[in-house]
Structures are given as C-alpha cells and as structure tokens.
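Coordinate analysis (summary)
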Amino acid sequence: MSSMISSDLLKPFKLKTKQQELLIRVSILCLVYILAFITRLFSVLRYESMIHEFDPYFNYRTTLYLTQNGFYDFWNWFDSESWYPLGRIIGGTLYPGLMVTAALIYRLLHFLRFAVHIREVCVLTAPFFASNTTLVAYFFGKEIWDSGAGLVAAILIAVCPGYISRSVAGSYDNEGVAIFALLFTFYLFVKAVNTGSLAWGLASAFGYFYMVSAWGGYVFIINLIPLYVLVLLITGRYSMRLYVAYNCMYILGMLLAMQIRFVGFQHVQSGEHMAAMGVFFLMQVFYFLDWVKHMLSDTKLFQAFLKITVTFAVAVGAVALGVGMVSGYISPWTGRFYSLLDPTYAKDHIPIIASVSEHQPTAWSSFMFDFHILLFLFPAGLYFCFKRLSDATIFIVMYGLTSLYFAGVMVRLILVATPAVCLISAIAVSATVKNLTVLLRSKNKVVQTGSTKGTSSGKASSKASLDQSQPFQKNGAMALLFGAFYLLSKYATHCTWVTSEAYSSPSIVLAARGAHGNRVIFDDYREAYFWLRQNTPPDAKVMSWWDYGYQITAMGNRTVIVDNNTWNNTHIATVGRAMSSYEDEAYEIMRSLDVDYVLVVFGGVTGYSSDDINKFLWMVRIGGGVFPVIREPDYLVNGEYRVDKGAAPKMLNCLMYKLSYYRFGELVTEYGRPPGYDRARGVEIGNKDIKLEHLEEAFTTSNWIVRIYKVKPPNNRW
Amino acid sequence: MEGPIRAREALALTLFSLLFFLSRSSALHDLLISNAERRIDLSSHIVKVYLTLKVENAGSSPASEVVLAFPPSQVDHLATVEALATKGKRKKTTFVRLEVKPTELPDAPNDTKYFTIYLANPLNSAESITLEVLYMLTHSLEPFPAEIGQSESQLVYYRDSALVLSPYHIKQQTTFIKTPSTKVDSFTRVEPTNRAGTEIKYGPYEDHTPYSFSAILVHFENNSPFAVVEELVREVEISHWGNLQVTEQYKLVHAGARHKGVFSRYLLARLPPRVHSVYYRDEIGNISSSHLRTDSRKSELEIEPRYPLFGGWKATFVIGYGLPLQDFLFESSEDRRYVNFTFGCPLMETVVDKLTIKVVLPEGSKDPSAVVPFPVDQHLETKYSYLDVVGRTVVVLEKKNVVPGHNSHFQAVLFCPN
C-alpha cells in the first residue's frame, strides 16, 4: 500500500518499482535510525545531559582519564583511589571497548572542530550505538529471511524496552555498545556461514574482537557459536562454508581476544571457553573423516575407521581436559557461570552475586514489560523459522532459545535476548503481513496459489480465520491486517510509555511529585558527593557500601575502600563486618583501613526505599560469609527483619543502625506521627537515643538521603 | 650570636633611615595636613575607609602630588584606592576624580607602602585643598575564636592604627569606626576614645609627627556572610551570530569562622538585562536551585550552592548566560569595533581574590586591546572552539583583590577586517 501512495507522489520522477522500493526502504531505515536515537533522549530532556546509575560513572571516569592522559597511561593505569589499600590495576581489569570507542568519537569530533565535552559524547554513545544496532538488525533480518523482515526487525528493536533499558542517553555502560557488537558479530558469522567466504569470516573475527573488548558477555558468543556448529554437524548440515567460517572466526577471534589484558589467555585456559576449542577439534576430525571417506571407497572399512577415530579423538579430548583440570592449567567454571546454569547456585554460595537486584531471576511481568507483543510473536516466528529451515534460521532459533533461557535466569540478560526476540518476531510479522497482503492484492486468478499460502500462515499466527469460503477470505485478511496494525501500534505506545516512565530516570537524581502536583527534585547524592569533593582533604578515604564506590570516586574524587567492581570478596566482607559491628569494634576495623569518612544512604525521611538499612541484611550475609563472628540470626527477631522497638538488640546498636538513625529520633517526618518515624519502613524507630563515640556527623544532605560521618582520631592516651 | 647582631643592625638601619628620611623629606614637599577625618566602616566583610584630608602647602614651591601611606599589612589586602578633590564650598561642591598610582619611595620606614595622588592643578604655596580618599580592604577581619558553634555569633578582630599613617605632619585628626552592631567585645583605648552606639570615636588628636602609629584592636560581632570568591574566571565569547556568551567559573569559599556559621543559602547575581539561556552547574552536573528574575533594567539570578556553606567550606560552580550582542558591541571609526562590558563580579557583596576575564573574539580579529580604568595584567591567548581553524584570539585580563567597587565598564577593542 505504501508503495502505491509513494508512486502517486513520485510520478514526475518516474522511478521504476525497484527504485521506488529501494527509496522507501532507505527512507524507512533512516527514520528508524533517527527514531532509535531520539526515543532514548527522554532523560536528557527531562533531567539533563548526565551519566546515570553506578557503573557508568566508572566508565565515565576512565574515559575522562583516557582522553586526558592518552591510551598508554590508561592501559597501564594503577588506580590508587579505589580498593584502598589494595588499589586496582584498571588497564588489566576492565573491558576497554566502550572507553576507547567514546574517546575515538571524541577525537573525531574534535578533529572536525566540534568542541564538545567528553561527557556529552559519553551520554550519547549508547543511543548512537542503538541506532547502529537497528541497521545491523535490518541486515541480519535480511540475511535470515528477507528485507521486509529486516525492516520490521529494525523497527522493533529500535523501540524495544528490553534494549532501551540499557541504552538510554546517559547509561554509559558496556552493554550500550556490546549489544551492537554482539548482533554485528552474529550477523557477520551467519553471513560467513551462508557465503563460505573467508572475508566475512575475518570480519566476524574482528566483530568478535570488538565484542570481547567491550563486554564480558562475549562468553555467550564463544559458547553459542560452537553449539550452533555442533547442531549443524549433528543435523548433517556440515559444509565447507561452515568449516571456513568457524575456523577463521575461532582462530583469529581467539588470537585477537588475547590482546585484551582482562581476557588474556582465558580462551585456552578457562573452562568456559573449552567448548569452542572442543568443537574446533571436532571440526578437524570431521573434515579429516570426510577426506578419508572420499579417499576410501569401501564403506565397511570406513565404518571401522570411523569407530576408531571417533573413540580415539574423544578419548584424547577427555584425557586432555582431565589433565588440564587436574593440573590447574584449565580453570574451572566461575561462580557467575554456574549461577547462569543453575539459578539457585548464587543464592547458596555467592551472596555478593545474589545481592545485586539485576542478577535476580526474572519475573513474568518484566518479560511482558520488556517485550510486550513480542512475547506472543516469538513462538509464531519460531514456527516460520522451522517451516523454512536453513543454516541462518537455525542460528536465530538457537540464539533465541538459549538467550531466552538466560533471560529467565537473570533480569539483566533480557538485554541479550532482545535482539533475537525482535528478529524472530519480525519474521512472524513480516511473513504474516506479506501473506495477507498477497492475499488482498491477488486478483481472482492468482487466488489459488497465494491464498492457500496466506491462510495457512494467517492461521498459524493468529488462529483466527479458519477455512472460509473465498469471499470472506479477503475480509478476514483485512481484519487480520488491521489486527496486526493495532497490535504493532499498541507495541509502539507501550514502548514509548515504558521508556518514558521506567527507563529514563538517572537514579542519581530522584524526582517525586510534590503536594501540589509539582515536581520535586531530590539531588542529595550529588550534594553529598560534591561536598566530599570540595570540603574534605584530597587524600581522605571514604567507607561506604560498595554500591556507591564508583560514584564517590567519580563525583566525589575521593578514595574508597570498596566499589562496584566486586573483585575482592574479603574486602567487601570487611566493610560489611564493620557496618554490622558495634561502634567500638567497627572503629578498630575502620582504623585498620585508614577510614576518614563513612558514608551511609538513608531513606527514612523521604521514604526512599533502596537505602542502606534495606540493604543491610546483605552486608550481614556477605560479612558473615567471611567472618563467622557476624551471624544473621543476631539481627533478626523470629526470622523477621525490623528496626522498631522490637528489633534485635544487636541490630539496634550496630554501626549501620547508629549512623542511619543518628539524631533521627528528634525529627518529625510526617504530620501526626511520633518523632523518629521512618517513612521508608513505616515504623517508629527503636533506638532514639543514639550517641556516637568514635565518629561525628560531618555532613547530612538536605533530605537526609546521604549522611557522612567523620572518624575521630584516637583519644590521647594520657 | 647572630641574632643580637642582626637586631642591632636593623635598629641602626632604622635609625639611619629615619635620619636620612628627615633630611630628604623636602622631596615630599612641605605639605601639611591640617585636618584628617577617617571613617572606617566594618559593617560587612569588606572594610571601607573614607578618609577626608585637608592638605595645606606649607612649603614654597607648588606641589602637584600628595602621598598616602599604608602599613605593609594593609597593602596586601588593599582592593581599591580612589581619590576625589573637592571644589567649591557647601552646596556647590563638585568632585574631581584624581589619578592614584602606587609608588615606591626610597627609605620607607618599616616597609611602608605608598600611593601617590596626582593633583589636577598644582597646589601653590599656602593654598589648601580637600581630598576625599576611599579605599577598601579585604580579608582584614579575622574571626576569633576561629571555630564557633551553631548558635554562637561570629566575633572578629580588626586591627588598625588610631592615628592616620602619613608621611606628613597632621595637625588634627579623628577616626570613627562603625561596627555592624552595638555588640563590641573590646577595643583598644587611645585617649580620648568614645563609644556611642555602633560608633567608636578615636580622637581628636592634635599634632602628630609623620609616621605616627598607634595600634588598635577592635573585637566585635560581625555576622554578615564572608563570601569570598577565591578565583573567578569570566569568559566573554563574542559570536558572529549576534550573541555574547558569558561563562563564569566561581570558586567560592566562606571565609568566616570555621565550621558553624552558616552562609545565607542564597546568593544574588546581578546580570545585564535581556539575558537568556542561563545555566547554573558545576563539575558534576546541573544545580537545580536557582531562580531568575528579569526586568527591563537588570536581571537578577538567585542561586543557592549545592549545600549550605558553613565557615571554611568551599563550593565551585559555573554560571553561564547569553546576551544580545547589540547591547554591548559598538562601532568606532576606522573599522574598529569595541565591546563594552562590566568588569568585576556579578555576585553582590563578594570579594574576588583573583579575577580573570577572558574576552574571546571572533576568529580572525586582529590587534585586540582592552581599556580598563584601573591597572590590570593583560595578555593574549588562543582558543579553539566549534569549527575553528586558526583559533580565536582571547584577551585575558587579570586582577587580584576585586571588590564591588570595580564593577565599572571596560572596553575590548577588536578589529574586524571586513
């Protein structure tokens, strides 16, 4: 229909149908490109051009360092401002892809004489890469189905909330570029498999390199691709194209990935990467067998040979793996990997992983929230894929199914599933709409061929129009088209609504509705961090729970004990122990860590619920995991966590409680409530008479959200 | 051994210099101050001193300059010295602004520093003239005790001399010190000394020889916010497209008693009228607490630092705004254009320790220069901004110790070759 409209408009140009189609396709892509960018700008328009959340602040800080000091300093940077007194080797413990990308964009813009600030570049990197992802989705869709599916995929992924959640302006995180890199690598690999071209294989190796440099999620690629190859081998789809594509991609990708210091030799030494290597050797065996089969004309001889070779190969592989494991050359799987395969693992063994909200198993509602109609279109798309099975569709099916499983294990991995879900749904939408329009446009004579196809697919996707006589078929198709249009427009409004409501708040600035409907801004975090930056000695050490570590170093420019890079569990447990001890015990710990200031986040005045008191049990658990002195039951009353009069005595006198509620007992927070009424938990606090012996209040923000205490020097002994 | 010798040497030197000075005092002309009245205003943290001198030429030759003397401790804090000559009597008095320049005189006793007032017409023998001198001192109130509690009020010390320091003989002099409130803890008495309400009167004293000095100390209550901008960089960017973009980077400190005395949360910045796209932010982002009020004559920006400033606390922030260029750009002859802009700090009642003004001229401007009514350091820089190839010429003006009295206009002359 659209082509008819445009043909009216473009009559004077007299374009051929093909040219018209190209024009429409390009203009749709351009619009989608722009749409993907601007739909992510809600937060900039509503708040300001700023970095969001926690991790992005670290990325921003390192990018700033990279642009100011150059790549080599960045690569060899030893950061003494975090993990005091251990420090952190930044260059060897991060994925530099994002920072290097942003720094390159920054350099390019400055070369072109655009004097932008690096912050603006960082803020807009994620939307920019989201736009690029739509292009990749188009080409990917085109590769696995047709250009129509590609266009739909581009549109779907441009606004899909599952992706937007991690790529709004300001969320300057690895995932922002990594999803682009992930999809791009997959696209290039599928292209390489489809063409058997060494060039595409090489390109996919470089895509993989970029992905490795950008995000730890590359492990997904290095496991999915071998799995895919294995499936193709088993289903008898082995071909020379596959051999070329996989070998080129694996070998070069592995060598390139070793250049990233954080990854290093993991490709040959870590259990998570062994599957790829196994499949690589298996391919060689397969090729060898193929060759032998070709040389030997005797089937019986070949069967015997096959048996011997396969047994031998498997035995050698098993022995090699066993020796590697035992000798410690090959490291076992990490906890994170285990927790992906077994969702209950982290809860029992690694509280620090389980304590992060984005590592929780996904609720059904968040699937609906993030995918909306794609959740229904996905199975339909799978049906179409199975109906027209090819190497490419097998790939997308496997990508979809595995990533959807991981999305179910961890909330944040919905992000990885999003491109697959969008692509498969796009196939469903595109195929359905195409079939229906063919049905509509067909004159009576073409009905025989077009209609049978159309109805069957229409049935499959919507289950609405059953076999009907010819006259109703057209009406049915029309109705279904309108239905599809309605669903898609619902999808668009839902996505915009979700983006605007849920995913566009910077979380560092809180907004609430005031009593008169006006917007109230709580800017307490920045108030406190800026105070730290301006009014404490430059070498002051700040102790806080690890959540705020990155923000304190980036905005407060002060040294922290622990931060969001949770590499040293013992160190974090020490802080957890200090927070859950009595003040004098905590003082000893803080003295041993040279702590000058303690920062706590407290929501009792504003009713802000993600504060330290609510996170406190995790501190107890993590602290108790290393130091058995800390026992969780000491802080609970009959298994219940409370802060009012009935709370456990240890709870009422631990450092965290004291620091959060210091002088809170004098404050009336809500009219008609007693003083010391905690609005976040809705109770009157149990200990209103808090005296601090070794600490003194240094700063409390205007809404009490952040409270900073100064650790007093030890008393004179004489 | 070394100590006493040095002391003796110093004493000998002083004596010698005094003797020498007496012998050559004719170089300062035989001027005589018949009456000196000094009013010291201590009500804010900027000390304003109004000095009325009646100068008489007792010598034989006409004198064209009058010398003011300042103790070295005050010179460092001296922000501005202005002198006016009064003409006519009573209602018909008119004031003529006189040029004042710091001067070096050899053999100044006790490192006294001098400023010379150049008279418009030489003062003939036996004639007299009345000079009005205004000078301002910054950082001259010392909080004592240095650390106070929240409910206590802030007490400060002010040190000066009961006698006006002068290289001339002063026949009669009086000093009035005005304190912000009646709460004066203590003050040095140099009889006759009187205190009435918020005023302490020293004098009148008769016949004091040159360089007479009598140290006094006033300990009084001063609760006004000690807003000090340690450093202010104002960048004025002139655009071809009819806009004047001003960016001001502040480093603000509360210089009052440590810790408890709260800064009034609001600061008021006077901006030119027709200001647009105002922003107020710092290194980590926008600060949401500001209000802008505009009318046809001026714009007032009310800003609040991120956190209340207690004594000794610091805050840095940036204010930026755009202005229509036609309000500030003027054309003179010979293809030259000049920009007329205010020097000084737009924040009300603040001292700026170091002020840098950068006038960023459009790309291609040649031979720029600036005309400022008082001495400043000038140099040129180059800045690269959007779409620049050769860079923009920047005229940099630097001045230390700036008080609101410096908010006069200055001209940056630029040359546009088109």
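Within an unreviewed UniProt entry, the label attached to chain B reads Dolichyl-diphosphooligosaccharide--protein glycosyltransferase subunit 1, and the organism entered is Theobroma cacao. What UniProt records for chain B under Pathway (unreviewed entry) is the sentence "Protein modification; protein glycosylation." UniProt annotates chain B under Subunit (unreviewed entry) with the comment "Component of the oligosaccharyltransferase (OST) complex."

Chain A goes by dolichyl-diphosphooligosaccharide--protein glycotransferase in an unreviewed UniProt entry, where it is assigned to Theobroma cacao. Under the UniProt heading Subunit (unreviewed entry), the note attached to chain A is "Component of the oligosaccharyltransferase (OST) complex." The annotation that UniProt attaches to chain A under Catalytic activity (unreviewed entry) is "a di-trans,poly-cis-dolichyl diphosphooligosaccharide + L-asparaginyl-[protein] = N(4)-(oligosaccharide-(1->4)-N-acetyl-beta-D-glucosaminyl-(1->4)-N-acetyl-beta-D-glucosaminyl)-L-asparaginyl-[protein] + a di-trans,poly-cis-dolichyl diphosphate + H(+)".

**Remarks on the overall build of chain B**
Scanning chain B from N- to C-terminus turns up 2 helices and 29 strands. Looking at chain B as a whole, 48% of its 418 residues qualify as buried. Long-range contacts, defined here as pairs at least 24 residues apart, represent 73% of the contacts in chain B between residues at least 6 apart. Summed over all atoms, the accessible surface of chain B reaches about 20200 Å², with 53% contributed by carbon and sulfur.

**Things to note about the UniProt feature "domain: STT3/PglB/AglB core" (unreviewed entry) in chain A**
As recorded in UniProt, the feature "domain: STT3/PglB/AglB core" (unreviewed entry) lies at residues 541-599 of chain A. Note that residues 541-599 of chain A is 51% helix and 14% strand, and that its end C-alpha atoms are spaced 10 Å apart.

**Side note on the sheet that holds strand E11 (residues 706-711) of chain A**
All names here are of chain A. Overall, mixed pairing links the 5 strands, which are arranged E6-E5-E7-E11-E10 in an open sheet. At either margin of the open sheet sits one strand with a lone partner, and together these are strand E6 (559-560) and strand E10 (695-700). Relative to E6, strand E5 (residues 541-543) is paired through 2 bridges, and the arrangement is parallel. Within E6, the position partnered with Lys-541 by the bridge is Thr-559. Contacts from helix H26 (residues 524-535) reach E5, strand E7 (597-601), E10 and E11, with the element oriented near 25 degrees to E11.

**Some words on the pairing of strand E20 (residues 290-294) of chain B**
Residue and element names in this part refer to chain B. Pairing between E20 and strand E21 (residues 299-303): 5 bridges, direction antiparallel. For Arg-293, the partnering residue across the bridge sits in E21 and is Glu-300. With antiparallel pairing between neighbouring strands as the criterion, E20 and E21 make up a hairpin whose turn holds 4 residues.

**So, the packing of aromatic side chains**
How two aromatic rings sit relative to each other is given by the distance of their centres and the angle of their planes. Residue and element names in this part refer to chain A. In total, this model carries 65 aromatic pairs over all chains according to the counting rule given. Taking the centre distance of 6.3 Å and the plane angle of 80 degrees together, the rings of Tyr-525 and Tyr-608 count as edge-to-face. Note that Tyr-525 is positioned in helix H26 and Tyr-608 in the loop between E7 and helix H30 (612-626), a separation of 83 residues in sequence. Of the two residues, Tyr-525 and Tyr-608, both sit in the buried class. Geometry around Phe-627 places Arg-577 over its ring, the cationic atom sitting 4.8 Å from the centre.

**Considering the confidence of the model for chain A**
Per-chain confidence: chain A averages 88 in pLDDT, with 94% of residues scoring 70 or above. Below pLDDT 50 for its whole length, residues 445-468 of chain A participates in 21 contacts with residues either more than four positions away or in separate chains.

**Some words on the packing of helix H21 (residues 374-387) of chain A against helix H23 (residues 414-441) of chain A**
Residues and elements named next belong to chain A. With their axes 7 Å apart at the nearest point, H21 and H23 run at an angle of 70 degrees to one another. Accordingly, the angle class assigned to the pair H21 and H23 is roughly perpendicular. Together, Leu-374, Leu-377, Phe-378, Ala-380, Gly-381, Leu-382, Phe-384 and Cys-385 of H21 and Val-421, Cys-422, Ile-424, Ser-425, Ile-427, Ala-428, Val-429, Ala-431, Thr-432 and Asn-435 of H23 make up the contact between the two elements. Of the residues belonging to the contact of H21 with H23, the class tally is 14 nonpolar, 4 polar and no charged.

**Notes on empty space enclosed by the protein**
Residue and element names in this part refer to chain B. If you walk through the whole model with that rule in mind, you get 3 cavities of 30 Å³ or more. Counted as a void, the largest cavity has a volume near 160 Å³. If you trace the largest cavity, you find 20 residues lining it, with Leu-51, Ala-69, Tyr-135, Val-164 and Leu-165 closest to the centre. Counting only elements with at least two residues in the lining of the largest cavity, the list comes to strand E1 (31-41), strand E2 (47-57), strand E3 (63-70) and strand E9 (155-161). Considering every element that reaches the lining of the largest cavity, the biggest residue donor is E3, with 4 residues.

**Side note on the interface of chain B and chain A**
Every contact between the two is made by 20 residues of chain B and, on the other side, 19 residues of chain A. For the pair chain B and chain A, the interface holds 2 salt bridges. For Arg-306 of chain B, the salt bridge is made with Asp-523 of chain A, and the minimal N-O distance between the two is 3.2 Å. Counting across the chain B and chain A interface gives 11 residue pairs in polar contact (both at pLDDT 80 or more). For the side of chain B that touches chain A, the secondary-structure elements that each account for two or more residues are strand E18 (276-282), strand E19 (285-286) and strand E22 (314-324) of chain B. Tallied by class, the residues present in the side of chain B that touches chain A amount to 8 nonpolar, 6 polar and 6 charged.

**Some remarks on the sheet that holds E19 of chain B**
Ordered by their spatial adjacency, 8 strands build an open sheet running E19-E18-E22-E16-E15-E25-E28-E27 (chain B), and the pairing between neighbours is mixed. The two strands at the open ends of the sheet, each matched to only one other strand, are E19 and strand E27 (377-383) of chain B. Most of the contacts of H26 of chain A go to E22 of chain B, to which it runs at about 110 degrees, and overall it touches E18, E19 and E22 of chain B.

**What about the environment of Ser-43 of chain A?**
Residues and elements named next belong to chain A. Take Ser-43: it is sitting in helix H3 (residues 42-46). Residue classification places Ser-43 among the buried positions, given a relative accessible area of 0%. When neighbours within four sequence positions are excluded, Ser-43 is seen to be in contact with Glu-48, His-52, Ala-169 and Ser-504. At 3.0 Å, the side chain of Ser-43 forms a polar contact with the backbone oxygen of Ala-169.

**Regarding the side chain of His-694 of chain A**
If you trace the backbone, His-694 of chain A turns up in the loop between strand E9 (683-684) and E10. Relative accessible area serves as the criterion here: at 14%, His-694 of chain A is assigned to the buried category.

**Quick look at the side chain of His-267 of chain A**
All names here are of chain A. Secondary-structure assignment places His-267 in helix H14 (residues 266-269). With relative accessibility at 1%, the residue His-267 sits in the buried group. A polar contact of 2.7 Å, which involves the side chain of His-267, links it to the side chain of Tyr-208. When sequence neighbours within four positions are dropped, the list of residues in contact with His-267 reads Tyr-208, Tyr-218, Ile-222, Tyr-250, Met-254, Ala-257, Met-258, His-273, Met-274 and Met-277.

**What to know about helix H11 (residues 198-214) of chain A**
Residues and elements named next belong to chain A. End to end, H11 covers 24 Å across 17 residues, agreeing with the expected 24 Å (1.5 Å per residue, within 8%). Every buried residue of H11 is accounted for by Gly-201, Ser-204, Ala-205, Gly-207, Tyr-208, Met-211, Val-212, Ser-213 and Ala-214. Against the buried residues of H11 lie helix H6 (97-111), helix H10 (174-195), helix H12 (218-234), helix H13 (240-257) and H14. The backbone nitrogen of Ala-199 has a side-chain oxygen 3.1 Å away, supplied by the residue at the start of H11, namely Ser-197.

**Structural notes on the domain arrangement of chain A**
When the domains of chain A are assigned, the result is domain 1 (362-441 + 478-493) and domain 2 (523-711). Placing the centre of domain 1 of chain A and that of domain 2 of chain A at their C-alpha centroids yields a distance of 45 Å.

Cut-offs and rules
- Residues numbered from 1 in each chain as written.
- Chains lettered and ligands numbered in written order.
- Predicted model: local features only at pLDDT ≥ 70, side-chain atom pairs only at ≥ 80, totals over all residues.
- Heavy atoms only, no water.
- UniProt positions renumbered as here; feature names shortened; annotations may be inferred.
- Helix = DSSP H or I, 4+ residues; strand = E, 2+ residues; numbered from the N terminus.
- Buried < 20%, exposed > 50% of the residue type's maximum accessible area, 1.4 Å probe, protein only.
- Contact = heavy atoms within 4.5 Å.
- Areas by Shrake-Rupley, 256 points an atom, 1.4 Å probe, with all protein chains shown as cover.
- Pairing = 2+ DSSP bridges.
- Axes fitted to C-alpha atoms, helices over the stretch in contact; angles between N-to-C directions.
- Phe/Tyr/Trp six-rings, centres within 6.5 Å; stacked < 30°, edge-to-face > 60°.
- Lys NZ or Arg CZ within 6 Å of the ring centre and 35° of its normal.
- pLDDT = per-residue confidence, 0-100.
- Parallel < 35°, antiparallel > 145°, perpendicular 65-115°, else oblique.
- Nonpolar A, V, L, I, M, F, W, Y, C, P; charged D, E, K, R; others polar.
- 1 Å grid on protein atoms, 1.4 Å probe; cavity = no way out; pocket = protein on both sides within 12 Å on 5 of 7 lines; lining within 4 Å.
- Points joined across faces, edges and corners; volume = space filled by probe spheres on them.
- Salt bridge = Lys/Arg side-chain N within 4 Å of Asp/Glu carboxyl O.
- Polar contact = N/O pair within 3.5 Å; in protein donor to acceptor, adjacent residues only side chain to side chain.
- Expected span 1.5 Å × (residues − 1).
- Domains from an automatic or database assignment.

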